Amino acid sequence: MSKRGQKKQNQADRMAWGEVKERFSIMLTPTAAQKIDARAKALQLSRSEFLEQAARGIVSMSDRDLTNEDSSELG
């Protein structure tokens, strides 16, 4: 994809959910970051999109919602 195409895609991503996305900085323990990243990867989502969907109640970090593969990846 060309840089121009990437720019258009990035702009579309920032308009997801009918709102303009803003950049936020958060602090996490390494353990929390690892678990978030593993769950996002298992769901084929970016870290940002995973957190968006978790906040909206669409996806969960709950163990009962994890597949065996997710559970082993999370340790």
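Here is a short report on the structure shown in this document.

Observations regarding the overall build of the protein chain
Each helix and strand counted, the protein chain has four helices and zero strands in total. Going residue by residue from the N terminus, the α and β elements of the protein chain occur as α-α-α-α. For the protein chain, the proportion of its 75 residues judged to be buried stands at 15%. Look at the contacts in the protein chain between residues 6 or more apart in sequence, and 50% of them connect residues 24 or more apart. On the protein chain, roughly 6200 Å² of surface is accessible, and the fraction owed to carbon and sulfur atoms is 50%.

Regarding helix H3 (residues 47-55)
Every buried residue of H3 is listed here: Glu49, Phe50 and Gln53. Considered in projection along H3, the buried side chains sweep an arc of 105° and stay on one side of the axis. Where H3 is buried, its residues touch helix H2 (30-42). The positive-phi residue at the C-terminal boundary of H3 is glycine 57, with phi of around 80°.

Description of H2
With 13 residues, H2 extends 18 Å from end C-alpha to end C-alpha; this agrees with the ideal 18 Å at 1.5 Å per step. Within H2, the full set of buried residues consists of Ile36, Ala38, Arg39 and Ala40. Directly beyond the C-terminal end of H2, a positive phi value near 55° is found at glutamine 44.

Regarding the pattern of salt bridges
Within this structure, the stated rule accounts for four salt bridges. Taking the shortest distance from any N to any O, the salt bridge between lysine 21 and glutamate 49 comes out at 3.2 Å. Here glutamate 49 lies in helix H3 and lysine 21 lies in the loop between helix H1 (3-14) and H2, a separation of 28 residues in the sequence. Assessed through its relative accessible area of 16%, glutamate 49 is described here as buried. Through salt bridges with shared partners, a single ionic network connects Glu19, Glu52 and Arg56.

Rules and cut-offs
Residues numbered from 1 in each chain as written. Predicted model: local features only at pLDDT ≥ 70, side-chain atom pairs only at ≥ 80, totals over all residues. Heavy atoms only, no water. Helix = DSSP H or I, 4+ residues; strand = E, 2+ residues; numbered from the N terminus. Buried < 20%, exposed > 50% of the residue type's maximum accessible area, 1.4 Å probe, protein only. Contact = heavy atoms within 4.5 Å. Areas by Shrake-Rupley, 256 points an atom, 1.4 Å probe, with all protein chains shown as cover. Arc of directions from axis to C-beta. Expected span 1.5 Å × (residues − 1). Salt bridge = Lys/Arg side-chain N within 4 Å of Asp/Glu carboxyl O.

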